[in-house]
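# Notes for the structure review
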Amino acid sequence: MQTGLLSWIDDELANLESQGLLTNIRTIESPMDGWVTIDDRRVLNFCANNYLGLANHPRIRAAAKQGIEKYGVGPGAVRTIAGTMSLHLELEERLAAFKGTEACISFQSGFSANLATVPALVGKEDVIFSDELNHASIIDACRLSRATVIRYAHGDVDDLRAKAPQVKDYRRGLVVTDGVFSMDGDLAPLEGICDVAEESGLLVMVDDAHGEGVLGRGGRGIVDHFGLHGLVHVEVGTLSKAFGVVGGLVAGRKEIVAWLRQRGRPFLFSSAMTVPDVAACIESVSILEESSELVDRLWANAEVFRQGMNDLGFDTGNSETPIVPVMLGDAVLAQRFSRMLFEEGVFAMAIGYPTVPAGAARIRVMNSAAHSTADIEQALTTFEHVGRDLEVVR
Ligand SMILES: Cc1ncc(COP(=O)(O)O)c(C=O)c1O
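The structure displayed is predicted, hence computed values, not measured ones. In this numbering scheme, every chain counts its residues from 1 along its sequence in written order. Owing to the predicted nature of the model, reporting of local features is limited to residues with pLDDT of at least 70; listing and counting of side-chain atom pairs is limited to 80 or more, with chain, interface and lining totals taken over all residues. Processing note: side-chain calculations cover all non-hydrogen atoms of the structure and skip hydrogens and water entirely.

To continue, consider the overall build of the protein chain. What the protein chain contains, in helices and strands, is 15 helices and 13 strands. The atom set for the radius of gyration is the C-alpha atoms, and the globule formula is 2.2 Å times the number of residues raised to the power 0.38. For 394 residues, the compact-globule estimate of 2.2 N^0.38 gives 21 Å, and the C-alpha radius of gyration of the protein chain, at 22 Å, lies within 12% of that figure. Counting only C-alpha atoms, the protein chain reaches 60 × 55 × 55 Å along its principal axes. Accessible area is worked out with a 1.4 Å probe on protein chains only. A residue is then buried under 20% of its type maximum, exposed over 50%, and partly exposed in between. A burial count over the protein chain gives 53% of its 394 residues as buried. Contact definition: two residues touch when any of their heavy atoms are within 4.5 Å. When contacts within the protein chain are restricted to residue pairs at least 6 apart in sequence, those whose partners lie at least 24 apart make up 70%. The Shrake-Rupley method, run with a 1.4 Å probe, gives the accessible areas here. Residue values count only the displayed protein chains as cover. Accessible surface computed for the protein chain: about 17,800 Å², of which carbon and sulfur atoms make up 52%. When charges are counted, neither His nor the chain ends are considered; positive counts come from Lys and Arg and negative counts from Asp and Glu. By convention, charge coordinates are those of NZ in Lys, CZ in Arg, CG in Asp, or CD in Glu. With 35 positive and 53 negative side-chain charges, the protein chain shows a spacing of 5 Å between the two charge centroids. Only DSSP runs of H or I with at least four residues qualify as helices, and only runs of E with at least two residues qualify as strands; both kinds are numbered from the N terminus onward.

Spelled out as structure tokens, the structure:
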């Protein structure tokens, strides 16, 4: 075997390290929760997308075990070949009923749900209008579809309206947006997007990964939040964030779901979610349907944190959701800030270029219903110490 063929990888990794861009992943030695154990220390966790604290909820753990008792673990193969377990159909029916859509189909992840959906809806004769800050999985899905992609300025309905008439040069058009933008915590202007889509005859797709279980009545998502039922053709979601497990979903018009069962490539060529994941997700739906207590607590925690940070003089950007960026600008400062927070027992990640624009580095704080009021107060005190030490606030 020739040894030189892979030496470029070492060079690339060394290059990333020298620029301070090498991702070092912390090892968690406990369940994912409001507090986690890292390097034998308990630290307050503000990194996970475990919005409702379901990742380690006793009912979710029990449901996963019961699912295994009844159905085993693996789905065997892809559903179109091995057959589909009744459990997967139950989850899909429960999700459609919860979200108030005609139908729903599940995938292995939110990422694969996007990869399935966009290429199934549009192809090389078509055009996609895509928000410039859309998630990587939407960008990859658009590339896979081979449709022409026209990017519009972030959250800018006027820019979309100016570009949408170009659809007449193509067979079909799709407008696609994140619902909640994960680095800033701001919302897509979905009402305006639906108006433009109606005027220009576009399909509307929203990726509600950070809105599922968070926005809308009892966590029913962004379409419910804006009261746009019937105007958004397709909602993609994830079961890995507020739902606390892993998996993806596509909910919307029944024709689209039927088409994805025929043409969604990750559905046709990759095995389904595992049994414990599906059983756990069904229980997450039950918890959400029974009460909005966890969703309410999430929003209350986020409000206390955001207000507390603003009172201390921190800049929390355009956040309108439980994702609260603490804007610092300089990437080295953000890394240092995050390290000092960690030393004082708060785990919150620094995010810099290329995930966010150069000069817009930040600490991204993910609030959760798993935190108590005392946890939020402790976090605020720690941010205050570190912020003063680093002269970010006075
Ligand atoms: C907007 C958006 N879409 C899709 C995904 C992918 O979801 P999953 O982790 O279920 O693959 C994410 C996850 O980070 C996301 O933020």
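There is more to say, and it comes next.
Here we come to the packing of helix 5 (residues 110-121) against helix 6 (residues 136-145). Only C-alpha atoms enter the line fits that serve as axes; for helices the fit covers just the stretch in contact. Angles between N-to-C directions range over 0 to 180 degrees. Relative to each other, helix 5 and helix 6 sit at 35°, their axes nearing to 8 Å. Pair helix 5 / helix 6 crosses with right-handed handedness. On the side of helix 5, the interface is formed by Phe111, Asn114, Leu115, Val118 and Pro119, while helix 6 contributes Ser137, Ile138, Asp140, Ala141, Cys142, Leu144 and Ser145. The handedness criterion is simple: a crossing whose near helix is rotated anticlockwise from the far helix by less than a right angle is left-handed, and one whose near helix is rotated clockwise is right-handed.

The criterion for strand pairing is that DSSP finds at least two bridges linking the strands in question. Taken in spatial order, the three strands of this open sheet run 10-13-12, and their pairing is antiparallel. Where the open sheet ends on each side, the last strands, each with one partner, are strand 10 (323-329) and strand 12 (349-351). Between one strand and the next, the sheet's axes are offset by a mean angle of 30°, whatever the strand orientation. The pairing of strand 10 with strand 13 (residues 361-366) spans six bridges and is classified as antiparallel.

Turning our eyes to something else, we now look at a nonpolar patch on the surface. Without a salt bridge and with relative accessible area above 30%, a residue can belong to a patch; like charges are then joined within 9 Å and nonpolar side chains (Val, Leu, Ile, Met, Phe, Trp, Tyr) within 5 Å. Salt bridges are defined as contacts in which a side-chain nitrogen from Lys or Arg sits within 4 Å of a carboxyl oxygen from Asp or Glu. A cluster of nonpolar side chains, contributed by Leu5, Leu6, Trp8, Ile9, Leu13, Leu16 and Leu21, occupies part of the molecular surface with about 650 Å² of accessible area. Among the secondary structure elements, isoleucine 9 is positioned in helix 1 (residues 7-18).

It is worth spelling out the pairing of strand 5 (residues 148-152) at this point. Regular strands place side chains that alternate from one sheet face to the opposite one. For strand 4 (residues 127-131) and strand 5, the ladder comprises five bridges, and the chain directions are parallel. Looking at the pairing, isoleucine 128 lines up with valine 149 of strand 5. Each parallel crossover has a hand, and for strand 4 linked through helix 6 to strand 5 it is right-handed. Orienting the strands away from the viewer, one traces the path from the first strand over the helix to the second; a clockwise path indicates a right-handed crossover.

Reading across from one edge, 3-9-8-7-6-4-5 is the order of the seven strands in this open sheet, with mixed pairing throughout. Every other strand in the sheet has two partners, leaving strand 3 (103-107) and strand 5 as the edge strands with one partner each. Across the sheet, the mean angle from the axis of one strand to that of its neighbour is 20°, orientation sign disregarded. Examined bridge by bridge, strand 3 and strand 9 (residues 248-252) share five bridges and lie antiparallel to one another. Bridged to alanine 103 within strand 9 is glycine 252. Helix 4 (residues 86-99) contacts strand 3, strand 8 (234-238) and strand 9 of the sheet and is inclined by roughly 130° relative to strand 3.

Each helix should span, by expectation, one fewer than its residue count multiplied by 1.5 Å. Taking 1.5 Å of rise per residue, twelve residues should cover 16 Å, and helix 5 covers 17 Å from first to last C-alpha, within 8% of that figure. The element helix 5 is extensively covered by neighbouring structure, given that nine of its twelve residues are classed as buried. Turning to helix 5, its buried residues number three or more, namely Gly110, Ser112, Ala113, Asn114, Ala116, Thr117, Val118, Ala120 and Leu121. Whenever a nitrogen or oxygen atom comes within 3.5 Å of another N or O atom, the pair is scored as a polar contact, on the condition that within protein one atom can donate a hydrogen and the other can accept it, and that pairs from neighbouring residues in sequence are kept only if both atoms are in side chains. Its side-chain oxygen placed 3.3 Å from the backbone nitrogen of phenylalanine 111, serine 109 serves as the N-cap of helix 5.

This paragraph deals with the environment of proline 31. Take proline 31: it is sitting in the loop between helix 1 and strand 1 (35-38). Considering only alpha carbons, one finds proline 31 and asparagine 56, 25 residues apart in sequence, at a separation of 6.3 Å. When neighbours within four sequence positions are excluded, proline 31 is seen to be in contact with Val36, Asn56 and Arg61.

Those residues of helix 10 (residues 254-263) that sit buried are Ile256, Val257 and Leu260. Across the axial projection of helix 10, the buried residues extend over an arc of 100°, all falling on one side. Against strand 3, helix 5, strand 8, strand 9 and helix 11 (265-269) lie the buried residues of helix 10. Our arc is simply the arc of the directions from the helix axis toward the C-beta atoms.

Now for the site of the ligand. We call a residue near a molecule or strand when any one of its heavy atoms sits within 4 Å of it. As a matter of local geometry, the ligand sits amid 13 residues, with Gly110, Phe111, Asp207, Thr238 and Lys241 nearest to it. Between the ligand and glycine 110, the relevant distance is 2.7 Å, taken from an oxygen atom to a main-chain nitrogen or oxygen of the residue. One of the side-chain nitrogen or oxygen atoms of threonine 238 is found 2.6 Å away from an oxygen atom of the ligand. Here the ligand loses 83% of its free accessible area of 400 Å² to cover by the protein chains. Any residue that is not Ala, Val, Leu, Ile, Met, Phe, Trp, Tyr, Cys, Pro, Asp, Glu, Lys or Arg is counted as polar, Gly included; the first ten are nonpolar and the last four charged. Class assignment for the residues of the shell around the ligand results in two nonpolar, eight polar and three charged.

Treat this as a map of the structure, not an account of what it does.
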